[in-house]
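Secondary and tertiary structure notes
Okay, here's what each chain looks like letter by letter:
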Amino acid sequence: GAGVSQTPSNKVTEKGKYVELRCDPISGHTALYWYRQSLGQGPEFLIYFQGTGAADDSGLPNDRFFAVRPEGSVSTLKIQRTERGDSAVYLCASSPLGQTYNEQFFGPGTRLTVL
Amino acid sequence: GNSVTQMEGPVTLSEEAFLTINCTYTATGYPSLFWYVQYPGEGLQLLLKATKADDKGSNKGFEATYRKETTSFHLEKGSVQVSDSAVYFCALSAPGTGGFKTIFGAGTRLFVKA
């Protein structure tokens, strides 16, 4: 079956611009996560959705970052006024309802480069 | 807060050598523990997991035992292959605000030479 997909795979933008990154989770997975992975580091939690609502957005670094999941499936991570420090690989993961141990299935990531 | 610490890489081994990658954690409550692997050019994928103390997770010849007394989850393999070259991430998942939050270590890069 289809895994988690993310588009675009690469995004190059200029400082100050707005970007949107899209995640399509595995069909039927109710939980969706966004992470940011900088070079040589592990994934850093940004936000977690259970259905349509953001259950935990404590990892968003500041108010330039926002994410939505209006129909409980596809999610979009939005970054306003991008800065060079936002350059990283943005990972999306999903997991099915009811797991107590929370195995996550990851997409290939979007590599964001802010010039 | 919750955290994961794993040994720094890179780790370079010859084929058929024994592998250990150390991982320790700090968590409140009873987290689940994971090893994820990232092969070159591929996405993160789950390698193995353990959900309670003394559980042993295993897959593809890799093993890790959930040791609550030492708060550790060290990854081991008896005989590595060139195809095991990848970055390995230790992670924990614990109940947080509104659900589960997964915390990852910084990753350990493994190179296996033929």
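Everything that follows concerns the structure shown earlier in this document.
Description of the structure in this document. None of these values were measured; they are calculated from a predicted model.

1. Observations concerning the interface of chain A and chain B
Residue-level contacts link 21 residues of chain A with 20 residues of chain B. With both chains or domains summed, chain A and chain B bury close to 1,600 Å², and 55% of this area falls on carbon and sulfur atoms. Across the chain A-chain B interface, the total number found is three residue pairs in polar contact (both at pLDDT 80 or more). Of all the secondary-structure elements, those providing two or more residues to the side of chain A that touches chain B are β4 (31–37), β5 (44–50) and β6 (53–56) of chain A.

2. A look at the sheet that holds strand β3 (residues 19–24) of chain A
Strand pairing in a sheet is mediated by backbone hydrogen bonds. Such pairs are either parallel or antiparallel. Residues and elements named next belong to chain A. Here we have four strands laid out as an open sheet, ordered β1-β3-β8-β7, and antiparallel in their pairing. What marks the edges here is a single partner per strand, and that holds for β1 (5–7) and β7 (65–68). Adjacent strand axes in the sheet meet at a mean angle of 15°, parallel and antiparallel pairs treated alike. Bridge count between β3 and strand β8 (residues 75–79): five bridges; the pairing is antiparallel. By the bridge assignment, L21 is partnered in β8 with L77.

3. With respect to the sheet that holds strand β3 (residues 19–21) of chain B
Residue and element names in this part refer to chain B. Spatially, β3-β9-β8-β7 is the arrangement adopted by the four strands of the open sheet, whose pairing is antiparallel. Of all the strands in the sheet, the pair left with one neighbour each is β3 and β7 (56–59). On average, adjacent strands in this sheet sit at an angle of 15° to one another, irrespective of strand direction. Across three bridges, β3 lies against strand β9 (residues 75–77) in antiparallel orientation. Among the inter-strand pairings, L19 is bridged to a residue of β9, identified as K77.

4. Some points on the environment of D55(B)
Residues and elements named next belong to chain B. Topologically, D55 is positioned in the loop between β6 (45–50) and β7. Classification of D55 as partly exposed rests on a relative accessible area of 21%. When the C-alpha atoms of D55 and L33 are compared, they prove to be 9.9 Å apart, with 22 residues separating the residues in sequence. A distance of 3.5 Å separates a polar atom in the side chain of D55 from a polar atom in the side chain of T51.

The rules behind the values
Per-chain numbering applies: the sequence of each chain, read as written, is numbered from 1 onward. Chains carry letters from A onward and ligands carry numbers from 1 onward, assigned in written order. Only residues with pLDDT of at least 70 are given local features in this predicted model, and only at 80 or more are side-chain atom pairs given and counted; all residues enter the totals for whole chains, interfaces and linings. Based on all heavy atoms of the structure, the side-chain values leave hydrogens and waters out of the count. The criterion used for residue contact is that any of the two residues' heavy atoms lie within 4.5 Å. By convention, the term buried area covers the 1.4 Å-probe accessible surface removed from two parts as they join, with the contributions of both added. Between N or O atoms, a polar contact is any pair within 3.5 Å; within protein, one atom must be a potential hydrogen donor and the other a potential acceptor, and residues adjacent in sequence are included only when both atoms are from side chains. Only DSSP runs of H or I with at least four residues qualify as helices, and only runs of E with at least two residues qualify as strands; both kinds are numbered from the N terminus onward. Two strands qualify as a pair provided that DSSP identifies no fewer than 2 bridges between them. For helices, the axis comes from a line fit to the C-alpha atoms of the stretch in contact; other axes are also lines fit to C-alpha atoms, and the angle between any two N-to-C directions lies between 0 and 180 degrees. The classification of residues rests on relative accessible area computed with a 1.4 Å probe and restricted to protein chains. Under 20% of the type maximum is buried, over 50% is exposed, and intermediate values are partly exposed.

Nothing here speaks to function; it is geometry throughout.
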